[in-house]
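Remarks on the overall topology
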Amino acid sequence: MFDLKNVVRPNILTLEPYRCARDDFKTGILLDANENTHGPALSEITTKEEALELNRYPDPHQLDLKQQIVNFRNASPNKHSTSPLSPNNLCLGVGSDESIDMLLRCCCAPGKEKLLTCPPTYGMYSICATVNDVETVKVPLTIPDFQIDIEGIYKKLESDPSIKLIYLTSPGNPTGKLINVDEIIKLLEKVINTWNGIVVVDEAYIDFTAPNGEYNQSVSTLVNQYPNLVVLQTLSKSFGLAGIRLGITFCNTELSRILNSIKYPYNISSLTSDIALKATSESGLSIMQKYVDSIIDQRDKLLKQILDLKYVGKNIGGLDANFILVEILDKNGQPSNEVATRLYNTLAVDNAVVVRFRGNELNCTGALRISIGTEEENKELLYKFEKVLNEINV
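Residues numbered from 1 in each chain as written. Predicted model: local features only at pLDDT ≥ 70, side-chain atom pairs only at ≥ 80, totals over all residues. Heavy atoms only, no water.

Remarks on helix α7 (residues 181-191)
When we look at burial in α7, the residues that qualify are Val181, Ile184, Ile185, Leu187, Leu188 and Val191. Seen from one end, α7 has its buried residues packed into an arc of 155°, which puts them on one side. Where α7 starts, the residue carrying a side-chain oxygen 2.8 Å from the main-chain nitrogen of Asp182 turns out to be Asn180. (Buried < 20%, exposed > 50% of the residue type's maximum accessible area, 1.4 Å probe, protein only. Helix = DSSP H or I, 4+ residues; strand = E, 2+ residues; numbered from the N terminus. Arc of directions from axis to C-beta. Polar contact = N/O pair within 3.5 Å; in protein donor to acceptor, adjacent residues only side chain to side chain.)

A few points about the side chain of Glu327
Here Glu327 lies in strand β9 (residues 323-328). We note that Glu327 is buried and unpaired, the nearest opposite charge coming from Lys314 at a distance of 4.6 Å. Apart from residues no more than four positions distant in its own chain, Glu327 is found in contact with Tyr311, Val312, Gly313, Lys314, Ile316, Pro335, Thr365 and Gly366. (Lys, Arg positive; Asp, Glu negative; His and termini not counted. Salt bridge = Lys/Arg side-chain N within 4 Å of Asp/Glu carboxyl O. Contact = heavy atoms within 4.5 Å.)

A few points about the layout of surface pockets
Over the atoms rolls a probe the size of a water molecule, and in doing so it shows where empty space is left. A volume near 500 Å³ is recorded for the largest pocket. Around the largest pocket, the lining comprises 21 residues; the ones closest to its centre are Leu52, Glu53, Pro58, Asp59 and Ser270. Elements represented by at least two residues in the lining of the largest pocket include exactly α2 (47-51), α3 (63-75) and α9 (270-279). Ranked by residue count, the leading element in the lining of the largest pocket is α9, at four residues. Split into classes, the residues belonging to the lining of the largest pocket amount to eight nonpolar, five polar and eight charged. As for the second largest pocket, its lining consists of 18 residues, and the residues nearest its centre are Pro17, Asp23, His61, Asn260 and Ser261. Breaking the lining of the second largest pocket down by element, the ones donating at least two residues are α3 and α8 (253-262). The element that contributes the greatest number of residues to the lining of the second largest pocket is α8, accounting for four residues. Along the lines of polarity and charge, the residues of the lining of the second largest pocket split into eight nonpolar, five polar and five charged. (1 Å grid on protein atoms, 1.4 Å probe; cavity = no way out; pocket = protein on both sides within 12 Å on 5 of 7 lines; lining within 4 Å. Points joined across faces, edges and corners; volume = space filled by probe spheres on them. Nonpolar A, V, L, I, M, F, W, Y, C, P; charged D, E, K, R; others polar.)

A look at the packing of helix α4 (residues 95-107) against α8
Interhelical geometry of α4 versus α8 gives an angle of 105° and a closest axis separation of 11 Å. Judged by the angle between their axes, α4 and α8 are roughly perpendicular. The residues of α8 that touch α4, namely those facing Met102, Leu103 and Cys106, are Leu255, Ile258, Leu259 and Ile262. Each residue belonging to the contact of α4 with α8 can be placed in one class, and the counts come to seven nonpolar, no polar and no charged. (Axes fitted to C-alpha atoms, helices over the stretch in contact; angles between N-to-C directions. Parallel < 35°, antiparallel > 145°, perpendicular 65-115°, else oblique.)

A word on the pairing of strand β4 (residues 163-169)
Judged by how many residues are buried, β4 sits mostly within the fold: seven of seven residues are covered. Taken together, the four bridges between strand β2 (residues 114-117) and β4 define a ladder with parallel strand orientation. By the bridge assignment for β4, Leu115 is matched with Leu165. Note: β4 against strand β5 (residues 198-202), five bridges, orientation parallel. By the bridge assignment, Thr169 is partnered in β5 with Asp202. Running through α7, the crossover from β4 to the neighbouring parallel element β5 is right-handed. (Pairing = 2+ DSSP bridges. Right-handed = clockwise from strand over helix to strand, strands pointing away.)

A word on the nonpolar core
Ile328 and Phe385 are the most contacted members of the largest nonpolar core, which has 85 residues in total. With seven residues, helix α10 (residues 282-307) is the largest single contributor of residues to this core. Every residue in contact with Ile328, bar those within four places of it in the chain, is listed here: Tyr311, Val312, Gln334, Pro335, Ser336, Val339, Ala340, Leu343, Gly366, Leu368, Phe385 and Leu389. Residues Phe2, Cys91, Val134 and Ile258 belong to the second largest nonpolar core, which totals 30 residues. (Core = buried A, V, L, I, M, F, W, Y, C linked by side-chain atoms within 4.5 Å.)

Right, here's the structure in full:
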């Protein structure tokens, strides 16, 4: 039977969270946090910057921002959801990478316990695991549909009880393929009574899975039903806010309390929270939706055009993210890392068009990952892509 106390490291369970100055009082003559009360050292300061009180430490709890995020996800819950989210289900981080690292530090004893990933997948999982001295065990996604191998994962967990975390990316990176929600639920239910560990679903690209605001593919609203589920999201992709570094962890309230206890107290800056509050407001969500719809429309058009080119094979992945993953062929019609690498380098160096070579990822031979740009950017990409690829394969 799943028991969070047997998942979290014992030293973390006994941790007394740091109590910061703003936990007690937020108004008055504040002389308790050794801040510079004269204000920020700026030669000019706008009214907006002054209102942010940049000389003061930011809000450690960010309840207003958490509430807006919760309202957004609760408005279109997963079809399996029976219990709405609350701010107590959230922990905010400096991008999803902080959450990835924090979960490893929270649950995996260095040199003893392990992480399971399903390649091809996001590279930071294994990097964070290495930094934390946590071994990575791999169960590849199925081919050609890039879905999770539930039986393969279950057998690995049965044979190795030292595995404490499973990291899944849905939609995948670099695959761009959504993992079937029913399969995620099947995995959660299959392991909950036999394995003390957590399934982490990284949903960085989730808002690109369904047009017209139908965000019911996210499993974030299921964390109160499944205590062994954690969901990661970010404002970097659909919200176009990679520069503010805001990641969101959804989990049961008990784990959320632990994660909020071990995070750095002022990890979300006043500047970040100010922008994030605007982005998750009603008007901000409307703009985000407009951009997402445009990206989905351009994604479909670009893929159709690029697949018509000579020496371009199939779309390897799915159509659930803000990028496509296409196969580059040699003159004999075979997927080729050599041709894909030359195309990637020539586009970047000589044509000022930068895509991403992903041919070394498992089952992605000859693959280039292409982010969806504006209509004008996509036209220029397509023109230069065809020209350079034909020159290479002469």
